[in-house]
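Spelled out, the chains give:
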Amino acid sequence: MVSEITPDLVRHLGVLARIQLDDHEVERLTGQLSAIVDNIAKVSEVATPDVPATSHPVPLQNVYRPDVVGEMLTVEQVLQNAPDATEDRFKVTAILGEEQ
Amino acid sequence: MSDLIRLTAADLSAKLAAGEVSSVEATQAHLDRIAAVDTEVHAFLHVSDHALEVAADIDRRRAAGEQLGELAGVPLAIKDVLVTTDMPSTSGSKILEGFLSPYDATVVARSRAAGLVPLGKTNMDEFAMGSSTEHSAYGPTHNPWDLDRIPGGSGGGSAAAVAAFEAPIALGSDTGGSIRQPAHVTGTVGVKPTYGGVSRFGAIALASSLDQVGPVSRTVLDSALLHDVIAGHDPHDATSLTDAWPSFAAAAREGATGEVLKGLKVGVIRELPDSGFQAGVSASFRESLALLEAQGAEIVEISAPHFEYGVAAYYLILPAEASSNLAKFDSVRFGLRVDVPGGTVEDVMARSRDIGFGDEVKRRIILGTYALSAGYYDAYYGSAQKVRTLIQRDFDTAFAQVDVIATPSAPTTAFRLGEKLDDPLQMYLNDVTTIPVNLAGVPGISIPSGLAAEDGLPVGIQFIAPLREDARLYRVGAALEALLVDSWGGPLLDRAPQLGGAR
Amino acid sequence: MAKVALMDFDEALERFEPVLGFEVHVELNTETKMFSAAANPAHPSNHDAAPNTLVAPVDMGLPGSLPVVNETAVRYSISLGLALGCDIAPSSRFARKNYFYPDLGKNYQISQYDEPIAFEGQVEVELEDGTTFEIPIERAHMEEDAGKLTHMGGATGRIQGAEYSLVDYNRAGVPLVEIVTKPIYGAEANAPKLAAAYVRAIRDIVIGLGISEARMERGNLRCDANVSIRPRAAAGEPVAPLGTRTETKNVNSMRSVERAVRYEIQRQAAILAAGGTITQETRHWHEDTGTTSPGRPKSDADDYRYFPEPDLLPVAPSTELIESLRAALPEPPAARRRRLKDAWGFADIDFQGVVNAGLLSEVEATVAAGASPASARKWWMSEISRLANAEGVEASSLIEPASVAALQQLVDAGSLTDKLARQVLEGVIAGEGTPQEVVDARGLAVVSDDGALIAAIDEALAAQPDVLEKIRDGKVQAAGAVIGAVMKAMRGQADAARVRELVLERAAG
Ligand SMILES: [Mg+2]
Ligand SMILES: [Zn+2]
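The model shown is predicted, which means the values in this text are computed figures rather than measured ones.

Procedures and definitions
- Residues numbered from 1 in each chain as written.
- Chains lettered and ligands numbered in written order.
- Predicted model: local features only at pLDDT ≥ 70, side-chain atom pairs only at ≥ 80, totals over all residues.
- Heavy atoms only, no water.
- Helix = DSSP H or I, 4+ residues; strand = E, 2+ residues; numbered from the N terminus.
- Buried < 20%, exposed > 50% of the residue type's maximum accessible area, 1.4 Å probe, protein only.
- Contact = heavy atoms within 4.5 Å.
- Areas by Shrake-Rupley, 256 points an atom, 1.4 Å probe, with all protein chains shown as cover.
- Donors = N, O, S within 2.8 Å, 3.2 Å for Na, K, Ca; no water.
- Salt bridge = Lys/Arg side-chain N within 4 Å of Asp/Glu carboxyl O.
- Pairing = 2+ DSSP bridges.
- Axes fitted to C-alpha atoms, helices over the stretch in contact; angles between N-to-C directions.
- Core = buried A, V, L, I, M, F, W, Y, C linked by side-chain atoms within 4.5 Å.
- Parallel < 35°, antiparallel > 145°, perpendicular 65-115°, else oblique.
- Left-handed = near helix turned anticlockwise from the far one by under 90°.
- Nonpolar A, V, L, I, M, F, W, Y, C, P; charged D, E, K, R; others polar.
- 1 Å grid on protein atoms, 1.4 Å probe; cavity = no way out; pocket = protein on both sides within 12 Å on 5 of 7 lines; lining within 4 Å.
- Points joined across faces, edges and corners; volume = space filled by probe spheres on them.
- Domains from an automatic or database assignment.
- Buried area = accessible area lost by both parts, 1.4 Å probe.
- Polar contact = N/O pair within 3.5 Å; in protein donor to acceptor, adjacent residues only side chain to side chain.
- Lys, Arg positive; Asp, Glu negative; His and termini not counted.

Observations regarding the overall build of chain C
Here comes step 1: Tallying secondary structure elements over chain C gives 16 helices and 15 strands in all.
Here comes step 2: Viewed in the frame of its principal axes, chain C has a C-alpha envelope of about 90 × 60 × 55 Å.
Here comes step 3: Here chain C holds 509 residues, and 55% of them are scored as buried.
Here comes step 4: Sequence-distant contacts, at least 24 apart, represent 68% of the contacts inside chain C between residues at least 6 apart.
Here comes step 5: Counting every atom, chain C has about 20400 Å² of accessible surface; 50% of that belongs to carbon and sulfur.

What about the coordination of the zinc ion (ligand 2)?
Each donor-metal-donor angle would ideally measure 109.5 degrees in four-coordinate tetrahedral geometry, or 90 or 180 degrees in six-coordinate octahedral geometry.
Residues and elements named next belong to chain C.
Here comes step 1: Of the protein atoms, only His 25 (NE2), Glu 143 (OE) and Glu 178 (OE) coordinate the zinc ion (ligand 2), at distances of 1.9 to 2.1 Å.
Here comes step 2: Between consecutive donor residues of the zinc ion (ligand 2), the sequence gaps follow H-x117-E-x34-E.
Here comes step 3: Separating the zinc ion (ligand 2) and the magnesium ion (ligand 1) is a distance of 4.8 Å. Pair noted here: His 25 is in strand E1 (residues 16-27) and Glu 178 is in strand E10 (residues 175-181), with a separation of 153 residues, a long-range link. Judged on exposure class, the residue His 25 and its partner Glu 178 are both buried.

Some words on the pattern of salt bridges
Two side chains of opposite charge can pair, provided their charged atoms sit close to one another.
Residue and element names in this part refer to chain B.
Here comes step 1: Tallied over the full model, the rule gives 62 salt bridges over all chains.
Here comes step 2: Arg 60 is paired through a salt bridge with Asp 57; the nearest N and O atoms lie 3.7 Å apart. With Arg 60 and Asp 57 both in helix H4 (residues 51-63) and 3 residues apart, the pair spans about one turn of that helix.
Here comes step 3: On the basis of relative accessibility, which here comes to 53%, the residue Arg 60 falls in the exposed class.
Here comes step 4: A relative accessible area of 30% places Asp 57 in the partly exposed class.

Description of the sheet that holds strand E15 (residues 307-308) of chain C
Adjacent strands of a sheet form backbone hydrogen bonds with each other and so pair up, either parallel or antiparallel.
Here comes step 1: Here 3 strands make up an open sheet; going across it, the order is E5-E4-E15 (chain C) and the pairing antiparallel. Looking at which strands have only one partner, the edges of the open sheet turn out to be strand E5 (108-111) and E15 of chain C.
Here comes step 2: Examined bridge by bridge, strand E4 (residues 95-98) of chain C and E15 of chain C share 2 bridges and lie antiparallel to one another. By the bridge assignment, Ala 95 of chain C is partnered in E15 of chain C with Pro 308 of chain C.
Here comes step 3: Relative to E4 of chain C, helix H11 (residues 310-325) of chain B is tilted by about 65°, and along the sheet it contacts E4, E5 and E15 of chain C.

Brief notes about unusual backbone geometry
Here comes step 1: That bond from Gly 153 of chain B to Ser 154 of chain B is cis: its omega, 5°, falls within 30 degrees of zero.
Here comes step 2: With respect to the helices and strands, Ser 154 of chain B occurs in the loop between strand E3 (117-122) and helix H6 (156-163).
Here comes step 3: Positive phi values are uncommon outside glycine, yet Asn 107 of chain C reaches one of about 60°.
Here comes step 4: Owing to a relative accessible area of 1%, Asn 107 of chain C belongs among the buried residues under this scheme.
Here comes step 5: Residue Glu 188 of chain C is not a glycine yet carries a positive backbone phi of 50°.
Here comes step 6: Within the secondary structure layout, Glu 188 of chain C lies in the loop between E10 and helix H3 (191-209).

Observations concerning the nonpolar core
In summary, soluble globular proteins display a tendency toward joint burial of nonpolar side chains.
Here comes step 1: The biggest cluster of nonpolar side chains holds 192 residues, and the ones touching the most others in it are Leu 82, Phe 395 and Phe 463 of chain B.
Here comes step 2: With 10 residues, H11 of chain B is the largest single contributor of residues to this core.

Observations regarding the packing of helix H6 (residues 333-344) of chain C against helix H7 (residues 348-356) of chain C
Residue and element names in this part refer to chain C.
Here comes step 1: At a closest axis distance of 11 Å, the pairing of H6 and H7 adopts a crossing angle of 130°. One way to sum up the angle between H6 and H7 is to call them oblique. When the axes of H6 and H7 are compared, the crossing they make is right-handed. Between H6 and H7, the residues in contact are Arg 337, Leu 340, Lys 341 and Trp 344 and Asp 348, Phe 351 and Val 355, respectively.
Here comes step 2: Classifying every residue of the contact of H6 with H7 gives 4 nonpolar, no polar and 3 charged.

Digging into empty space enclosed by the protein
Residue and element names in this part refer to chain C.
Here comes step 1: Applying the stated criterion to the full structure yields 8 cavities of 30 Å³ or more.
Here comes step 2: Counted as a void, the largest cavity has a volume near 70 Å³.
Here comes step 3: Taken together, Val 58, Asp 59, Asp 103, Leu 104, Gly 105, Lys 106, Glu 144, Asp 145, Ala 146, Gly 147, Ala 172 and Gly 173 make up the lining of the largest cavity.
Here comes step 4: Its residues assigned to classes, the lining of the largest cavity shows 4 nonpolar, 3 polar and 5 charged.

Some remarks on the domain arrangement of chain C
By a frequent convention, interface size equals the accessible area lost on bringing the separate parts together.
All names here are of chain C.
Here comes step 1: Assigned domains of chain C: these are domain 1 (9-324), domain 2 (331-442) and domain 3 (450-508).
Here comes step 2: Taking only C-alpha atoms, the centre of domain 1 and the centre of domain 2 are 30 Å apart.
Here comes step 3: At the junction of the two partners, domain 1 supplies 15 residues and domain 2 supplies 14 residues.
Here comes step 4: When the two sides are added together, the surface that domain 1 and domain 2 hide from each other amounts to roughly 1300 Å², 39% of it contributed by carbon and sulfur.
Here comes step 5: Scanning the region where domain 1 abuts domain 2 turns up 3 salt bridges.
Here comes step 6: Of the charged contacts in the structure, one is a salt bridge between Glu 126 and Arg 337, with a shortest N-O distance of 3.1 Å.
Here comes step 7: Our count for the domain 1 to domain 2 interface comes out at 5 residue pairs in polar contact (both at pLDDT 80 or more).
Here comes step 8: With 5 residues, the single largest contributor to the side of domain 1 that touches domain 2 is H3.
Here comes step 9: Partitioning the side of domain 1 that touches domain 2 into residue classes produces 4 nonpolar, 2 polar and 9 charged.

Details of the side chain of Arg 337 of chain B
Here comes step 1: Counting through the fold element by element, Arg 337 of chain B comes out in the loop between H11 and helix H12 (345-356).
Here comes step 2: At 4.3 Å, Asp 84 of chain A is the nearest oppositely charged side chain to Arg 337 of chain B, a buried residue that forms no salt bridge.
Here comes step 3: Within the structure, the side chain of Arg 337 of chain B is placed 3.1 Å from the backbone oxygen of Lys 91 of chain A, a separation counted as a polar contact.
Here comes step 4: Those residues in contact with Arg 337 of chain B, other than ones at most four positions away along the chain, are Pro 83, Asp 84, Lys 91 and Val 92 of chain A together with Ser 331, Val 332, Val 348 and Ser 352 of chain B.

Concerning the sheet that holds strand E9 (residues 164-168) of chain C
Here comes step 1: Across the sheet, 4 strands lie side by side as E2(A)-E3(A)-E9(C)-E8(C); this open sheet has antiparallel pairing. Each edge of the open sheet is held by one strand with a lone partner, namely strand E2 (85-86) of chain A together with strand E8 (148-152) of chain C.
Here comes step 2: Pairing of strand E3 (residues 89-93) of chain A with E9 of chain C involves 4 bridges; the strand directions are antiparallel. Counterpart to Thr 93 of chain A in the pairing with E9 of chain C is Tyr 164 of chain C.

Looking at the interface of chain C and chain B
Here comes step 1: Taken together, the 30 residues of chain C in the interface contact 38 residues of chain B.
Here comes step 2: Where chain C abuts chain B, roughly 2600 Å² becomes buried across the two surfaces, and 65% of that area is made up of carbon and sulfur atoms.
Here comes step 3: By the criterion of area lost to chain B, the three top residues of chain C are Pro 63, Leu 66 and Arg 305 of chain C, representing 23% of everything that side buries.
Here comes step 4: The interface formed by chain C and chain B contains 1 salt bridge.
Here comes step 5: Across the salt bridge formed by Asp 311 of chain C and Arg 200 of chain B, the nearest N and O atoms sit 3.1 Å from each other.
Here comes step 6: Taken together, the links from chain C to chain B amount to 15 residue pairs in polar contact (both at pLDDT 80 or more).

This is the structure:
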C-alpha cells in the first residue's frame, strides 16, 4: 500500500484531533507521517480475512460493577484543577459548533 | 548513611524490621542522595515534601508493635504517569503542569498501605511516548552510566533513579518496553507483568490495551517484593484479572537457589536477526545462554514469524488508542489553557493542545487519528489487531515447546542524547523485542546480563513467560542473576562510575 | 431569517411520500451511572442535585480514570431489547465515538457501534383511531449521556450569541439506551400522529419495565426525528430513491414530535416543489414558533473514528439470563390495554380517550393509589389535561398519580367539594405541597362542623324570617335563598347538600 499523506490530509487530521497545526508543523508532519505509514502499512500483508482481530490481550467478558452508589468527588475536588470556573461549574468561552 | 542507599530493598527491609535502621534514616539518606546527584541525573520531576513524615509514621507504628508489610519503611520512586494526591502528576507533559489528582492510583494506594515511603515522581517521555526520556517536557534524564547518554524510555526516570541509588525501588509503566528497555540501558531490573495482573486505575493512559504498571529495581527479588504489593484484582479496572497470584518474592528466592534451571527449556527466536543487534548486545546475550545451559537448561530454537510485524502493529494500535486517550486534555476541566482573544472554545482547545503537547505526542496523535479515520480503519487499525492475533499464536506455539523465551532486551546499549531525536522511525525500532510482549499481554522481565565490550555500557536480557506465569520469570531471572553476580564478583552496578555526590 | 415556505399538508401528501426514522434515547433510572459508581441524576432520588455533585473521576475524564460497566444497566438494556422484540446479541461490545465537545469529559462517548446489544425488533404502535402499525427496530444500544451546558450572556440562553458556557458533569455518564428504527414506510398522512404514537409506545414500554422515569420534559426520553420525502411514482414508473433526510433533534414532548414531523414534511415539500434540494443536516425544533431551524450540516467532521473500547470487555449474556429476563417482562402494552379496559369498565370512547391522551399509566397508578377508575379518569382527562395544555407541557409532568388519588380521597370523604378540589389541585401543581398540606395552608377544607353551619343558618333565617314559613308550607325551593346566604357566609367552603339538609331539619324542628 502506498500512503497518501498530503498536507491537506494532515491539516484535516489536525482539525479532527483539535490541534492547531501551523504550516510549518503540517509540512514536517506530512514528511514524517509518510515515512512512518510506509513502514507500518506492512501489517496488511499478513492481516488476511481469516484472521480474527484481537482487541484485548487477555480475553475476559461480562466484567461488571454492582449498581451501588460509591465514592464521588466533592465539588471542590471536581473543580480543583479547573482553568476557569464559576457557580460550581467549569467555564468555557463561546461554543460555535452544534451538539452531536 | 552512604551504605543505606546501596542496600537492596530486601536488605533494607530486614534492617528496618530488625530495628537496626529507621525509615527516617533510610528516607533521609535517599533524599540526601537525590540532593547530591539529581541535578546531574534529573531522574525526578518532583521530590515529596512528606517523605520524612511518612517515614516517621512508619517508624512510630513499628515501635508500637504494629504488624507491617515486608517493604514498610522502604523509600519508593513513582513514575509521573501514576496519579498521586500529594504530589503533582504531569506524565512528563506541559499540558498537565501542576496537575493535582483528587485520587491516588491503585498501585500508589497499595504501596502506601504497604508502608512504602513515596520519595517523589520520576521523569518520563511525555505521556510515556518514547524510548529515551528525551521527550519529557521537563528536560531529559541522564543515564548514570554515562551522563551524555539516554536512560531509556519512557520510564528513564525510574530506571535512572534506581541505578543512581536515589531510590531502592520504583514504579514504572510499560506499554511497549518502557520498563524493560530502560532497565536494559541502566543495568537494572524491570518487569512488565501479565496484562491485567496489576491495576491500571490511576495510570494516565497511553494505550489502554497495552499499558501495564510494573516494578523497577536493582535486583530480581526487589522487583518481586514490589510486584507482590501492587498485584491483584482491582474493581476499578475492568481489565484487571481476578487471579490469586502466588508470592513473586517466594518465586525469586526459590529461583536464586539455581535449582530451577535444570531441564528448563529456554526458547530463542530464530527470526530475530543477529545483524540488527549491536555486537556487544549479542555477545552478552549468548554468554547468558551459555551460563543457563551450563546449569542444565536446554536452549531451543523457536519460530515467531510474525514478530517482525510487531513494531508496525504497535505503531498503529498505540497511536490510535493514544489519540483517543489524550483527547481529554482539552483545557476545559484541567491542564493548560491558552487563551485565544475573541476565540471560540474550539480555538482555545486547538491552541492549548498545540502549545501543551510536544512534537512526539502530536505526531502520534495525528498518526492515530489517521489510523482510525473513516476509510483507513480496516487497513490500519483493523489489520494491526489481526497481527496481534498472529503474534499471540506465535507465542502459543512457542510456549507449547518451551518454558520461557529469551531475547536481548533491546538492540543497542544506551545511545547518546539527541542521537535519534530527529528520526522517529529509528527510535521506534528500539522496542523491537519488547513490543510483541505487550501486544500479546504476556509477562516479561529484563535483568542485567553484562556490559557490552565495545562501549562498557549495560546490556539486559529479557525473559518472556506465558500469560499469568509471572512467577516463572522471577524464578528464572533470579537464577540467572545469581550466576551472573557470582561471575562478576558483585552487582553490575558496582561498576557504574561515581556520580558527583559522595558515596 | 427569511420566511420559510410551507406546502399545505394534504397537498404535500398527495405529491410526496414521507419516510420516517427515529432515534430515541432513554435514560435508565439505575442507582448509579453507566460506567461509574456516582449516583445517577436520572434516578428519582437525585433529581435536584447541585451542579457537579454527582461526579466520579471517569465522568469528568480525570487522568487515569477508567470505566466499569453497571450490571443493572446491562440487564435493563436486555429487558428493553426484548420488549422491543429484538434479538439479544450473544456477544456485544462497547466502542468509543470520538469527538470534541465541552460536555463530554473524555472527548469520546462510550457507545456501541458495530456490535449493539439488541437488534432486529418491532414495536406495535396504536394510532388514535385504534388502528395499529408495526415500527421496525434496527437496533438498541447502550451508551452514556453527556454533561449539561448552560449558555450564558446573549439574549436567548441559546448557543448562538452566548458569551460563555458553563459545564456541569452530573449528567455525564447517565446510562442511555438508544433505540434506532429502520426507515418507516407507509405512514402517509398519519406520519405526524405515528411519530407521537411511537414515542408514546416507547414510553409505555419503559414505564412498564420500570427502567426509566421516562419524563420527556426532564430529558429522560429524547427523540430525534428523521424525515425525508420522495415524489410519488406515477403508475408503471419505478419508485423514487429515498430523499435526503433531516434529523430534528431532542424534541421534548410527544405533541412536539408530531408537530415537528408535520412541519418538516411541509417544509421539504415546498422546497422540492420549487425545484430546490434538501440539505442533509440536523435541525432544531422551536416549541414557541412551531418551526425547525437548521443546525449542523453533515460534514467530514462527522468522522467519529469508532474503535472497540479497550478499557471494557465484551458483554456476553448467558441464554439463562436472557430467558429469565424474558420471562419477567411485563405484559405487552396491547394486552395491558385490553386488561385495563375490562377492569375499569369504561366505554370504548372513554378508554380510547385515555389511551390517546397518553395517560393510561397515570390513570392506572392513580387507581392503584386508591382512587376509583372513574374519578381517576376524570381528573387526568379534564382538569389536569386542561392545565397541562395551558402550559404546553405533558399532563404527567404536572402531578404525581398518588397526589391525585389523595385529592380524590379528600373529596370522597366530604372534606372537599369539587370546586375546592380544583383549587387544591392548582396548589399541588404550584408546588405548595401534598393535597392535605394545600388544604391546610390555604384553609380550603369544607366546613363540616355542623355547629358552625347551624349558626350561619340561624343567622340567615333570622335575616329572612318568611323563609321558614314558606318551607313549612311545603315550598322547599324557598330554602335556596338561605342556602345561598350560608354558602356566601362560608365563603364557598361548605357542602351545599349538607347545608340544605340542615336547613330542612331546622324548618322541620
Ligand atoms: Mg443520534
Ligand atoms: Zn446516542
